[in-house]
Amino acid sequence: MTQNTGWGGHGGGWGGTPQWGGWAPAPAPAPQPGVIPLRPLALGEILGGSFSTIRRHWKQLVGVMLAVQAVVLPVMALEVGAAVAVVYRHIEPVFDPPFGTEPTAEHVVPLVVAGSALFVLLLVTGGLGMAVLTALCPAVLKEAVMGRPTTFRAMWRAALRRTPAAAGTMLLTVLIAGSPMLAVMAVWLPLMFSAASGEISPAMVALLPLFLLVAVPVTVWLSTRLAMAPAALVMEGVGPVTALRRSAKLVRGEWWRIFGITMLAGLIAGAISYLIQLPFNLIGMFAVIPAAADQTEGSGPTSGMITAMVVAFIAMLLGGAVSQMFQIGFTQLVSGVLYVDQRIRREGLADAILAELASTAPATGPAPAAPSTPPAPPTHPQPEEPTDT
């Protein structure tokens, strides 16, 4: 049941609202222990709260994200290196066969198997890294909303503790929201192969746009309904299925508003990520251009050209990593603030936050000291006061 907190009203005039007989006092501002006021939020406050969380807790966010990248990227590199080492002798016969010959199944099949296995391994590794970041942002936001300081170690532990559940939530979200697209592929791919073999008319393949016209809106609708599941998972400490149900419940009746804010946040994150990555790309470009100008036509790459290409690759890799971290973090934080906003509107979360802060606040003053010796009894009896009869 929606709880009316009485916040969010705006008085007119100077300090109050005109009433019969005078000016009424302006409503008290909503309490704000952290990055957002504890009342129903406007668009600017949702975006501003996300930026404030990044500004106040950037060390914890960046630290954990860099730690995740430091683990995930080397693991991915090892997986790629191992796959290449296993099928190295099959690469040349497939991609550079002798003139007039075709690659044989003896060389093609190992490459296909290795490529499929590598794709799955990279997907799992990247998904686990993404699950850590998905659990991190709501954990940081919870402390930011309550105005409490935090540390890298605390956030690292909180994120790792919820990573398995976050991975399960992500997998269920992909399966549920992506089910319309999977159904389209399950229908369209057999049609395409049948058209290629001449069993059906190629015009049947043209049904793909019609299928997508139906599947894409359903996928977007389901994705928006389940968008708050990571925040519910971490802030409420529930399981993946319960988190998905909580998200669907909180979004019900507010789908268009949440969809619009989420889309706007994605556009803002994409634009800022591009601006972050642009200087790194320029550094890489300016490193390659002079070396390419000095390169003699028809000659092999010089040491200067190789060095410039390495510098360009590292710069673009760093730019991509930094921009991706901001994009993931900002969109997850906006989704988390929307979750808090919906719970304030519908479940009175503001009162629960204030009660938790009050219960954990330290005592306001020292306790009175106990007397060292009991007071001595009076030596003379006190006269009794007269009583009325």
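The structure this text deals with has already been given above.
Everything numeric in this text was worked out from a predicted model, so none of it was measured.

S.K.: Can you lay out the overall build of the protein chain for me, pointing to particular residues and giving the numbers?
M.R.: Of the regular secondary structure elements, the protein chain holds twelve helices and two strands. Starting at the N terminus and ending at the C terminus, the protein chain contains elements arranged as β-β-α-α-α-α-α-α-α-α-α-α-α-α. The 389 residues of the protein chain split such that 33% are buried. Taking the contacts inside the protein chain whose residues are at least 6 apart along the sequence as the reference set, 73% of them involve residues at least 24 apart. Split by element, the accessible area of the protein chain, about 23,500 Å² in all, is 70% carbon and sulfur.

S.K.: Can you lay out the side chain of His 57 for me, pointing to particular residues and giving the numbers?
M.R.: Within the element layout of this structure, His 57 appears in the loop between helix H1 (43-56) and helix H2 (58-86). If we ignore the near neighbours within four places in the chain, the residues touching His 57 are Val 140, Ala 144, Arg 148 and Thr 150.

S.K.: Which residues make up a nonpolar patch on the surface, and what are the values?
M.R.: A cluster of nonpolar side chains, Ile 306, Val 310, Phe 313, Ile 314, Leu 317 and Leu 318, forms an exposed patch at the surface whose accessible area comes to about 560 Å². In this fold, Ile 306 is placed in helix H11 (residues 303-347). With relative accessibility at 45%, the residue Ile 306 sits in the partly exposed group.

S.K.: Go over the side chain of Arg 343, please, and point to the residues and values.
M.R.: Mapped onto the fold, Arg 343 is located in helix H11. Beyond its immediate sequence surroundings of up to four residues, Arg 343 is in contact with Glu 236, Arg 246, Leu 250, Gly 348 and Leu 349.

S.K.: Lay out the packing of aromatic side chains with the relevant residues and their values.
M.R.: In the structure shown here, the tally under the stated rule is six aromatic pairs. Plain terms: the ring middles of Trp 255 and Phe 259 are 4.8 Å apart, the flat faces sit at 10 degrees to each other, and that makes the pair stacked. Residue Trp 255 and its partner Phe 259 are located together in helix H10 (residues 255-293), separated by four residues, close to a single helical turn. Centre to centre, the rings of Trp 256 and Phe 259 are 6.1 Å apart; their planes meet at 85 degrees, and the pair counts as edge-to-face. Pair noted here: Trp 256 and Phe 259 are both in helix H10, with a separation of three residues, about one helical turn.

S.K.: Got a sec to walk through helix H5 (residues 152-177)? Specific residues and values, please.
M.R.: The sharpest bend along H5 measures roughly 50 degrees and falls at Thr 163, with the proline Pro 164 sitting one to four residues further on. Buried within H5 we find Met 155, Ala 158, Ala 159, Arg 162, Thr 163, Ala 165, Ala 166, Thr 169, Thr 173 and Ala 177.

S.K.: Quick rundown of the environment of Val 108? Include the residues and the values.
M.R.: Following the sequence through the fold, Val 108 ends up in helix H4 (residues 105-145). Residue classification places Val 108 among the partly exposed positions, given a relative accessible area of 30%. In the structure, Val 108 is positioned 17 residues away from Ile 91 in sequence and 8.6 Å away in space, judged by C-alpha atoms. If near-sequence neighbours (up to four positions away) are discounted, Val 108 is found in contact with Val 94 and Pro 103.

S.K.: Give me the lowdown on the nonpolar core, citing residues and values where you can.
M.R.: If you look at the biggest cluster of nonpolar residues, it comprises 61 residues, and the most contacted ones within it are Leu 136, Val 334 and Tyr 339. Setting aside residues no more than four positions away along its own chain, Tyr 339 makes contact with Met 228, Ala 231, Ala 232, Met 235, Glu 236 and Leu 250.

S.K.: Talk me through the packing of helix H8 (residues 229-236) against H11; I want residue IDs and the actual numbers.
M.R.: One can describe the packing of H8 onto H11 by two numbers: an axis separation of 8 Å at closest approach and a directional angle of 70 degrees. In terms of their interaxial angle, H8 and H11 are classed as roughly perpendicular. Relative to H11, H8 is oriented so that their crossing is right-handed. Taken together, the residues of H11 that come into contact with H8 (itself represented by Pro 230, Ala 231, Ala 232, Met 235 and Glu 236) are Gln 332, Gly 336, Tyr 339, Val 340 and Arg 343. Taken together, the residues that form the contact of H8 with H11 break down as six nonpolar, two polar and two charged.

S.K.: Quick rundown of the environment of Gly 147? Include the residues and the values.
M.R.: Among the structural elements, Gly 147 can be located in the loop between H4 and H5. For the pair formed by Gly 147 and Arg 56, sequence separation is 91 residues and the distance between their alpha carbons is 9.9 Å.

S.K.: Please give an account of the pattern of salt bridges that cites residues and values.
M.R.: Under the definition given, this model contains nine salt bridges. With a shortest N-O distance of 2.4 Å, Arg 39 and Glu 45 are connected by a salt bridge. For Arg 39, a relative accessible area of 17% translates into the label buried. The exposure class of Glu 45 is partly exposed, given its relative accessible area of 23%. With a shortest N-O distance of 2.9 Å, Arg 246 and Glu 347 are connected by a salt bridge. With Arg 246 in helix H9 (residues 240-251) and Glu 347 in helix H11, the pair connects residues that are 101 residues apart, well separated along the chain.

Definitions and limits used
- Position labels on residues start from 1 in each chain and follow its written sequence.
- Where totals are concerned, whole chains, interfaces and linings use all residues; where local detail is concerned, this predicted model gives features only for residues with pLDDT of at least 70, and gives and counts side-chain atom pairs only at 80 or more.
- Water and hydrogen atoms play no part in the side-chain values, which are based on all heavy atoms of the structure.
- Where helices and strands are cited, they refer to DSSP runs of H or I of at least four residues and of E of at least two residues respectively, numbered from the N terminus.
- The buried label goes to any residue with under 20% of its type's maximum accessible area, the exposed label to any with over 50%, and the partly exposed label to all in between, with areas taken from a 1.4 Å probe on protein chains only.
- Note on definitions: a residue-residue contact is assigned when non-hydrogen atoms from the two residues lie within 4.5 Å.
- Accessible areas in this description were obtained via Shrake-Rupley with a 1.4 Å probe; residue shielding takes into account the shown protein chains only.
- Patches draw on residues past 30% relative accessible area with no salt bridge. Two like charges within 9 Å are joined, as are two nonpolar side chains (Val, Leu, Ile, Met, Phe, Trp, Tyr) within 5 Å.
- Salt bridges are defined as contacts in which a side-chain nitrogen from Lys or Arg sits within 4 Å of a carboxyl oxygen from Asp or Glu.
- Here a Phe, Tyr or Trp ring, Trp counted by its six-membered ring, pairs with any other such ring whose centre lies within 6.5 Å, and the pair is stacked when the planes are under 30 degrees apart, edge-to-face when over 60, and tilted otherwise.
- Bend at a residue means the angle formed by two fitted axes: the first through the 7 residues ending at that position, the second through the 7 residues beginning there.
- Working definition of a nonpolar core: buried Ala, Val, Leu, Ile, Met, Phe, Trp, Tyr and Cys residues. They are joined through side-chain atoms within 4.5 Å.
- Axis lines are fitted to C-alpha atoms, over the contacting stretch for helices. Their N-to-C directions set the angle, which ranges from 0 to 180 degrees.
- Angle categories are assigned with fixed cut-offs, so that under 35 degrees is roughly parallel, over 145 is roughly antiparallel, 65 to 115 is roughly perpendicular, and the rest are oblique.
- For any pair of crossing helices, the crossing counts as left-handed if the nearer helix is rotated counterclockwise from the farther one by less than a right angle, and right-handed if it is rotated clockwise.
- The classification used treats Ala, Val, Leu, Ile, Met, Phe, Trp, Tyr, Cys and Pro as nonpolar, Asp, Glu, Lys and Arg as charged, and all other residues, Gly among them, as polar.

Fair warning: the whole summary comes from geometry, so function is off the table for now.
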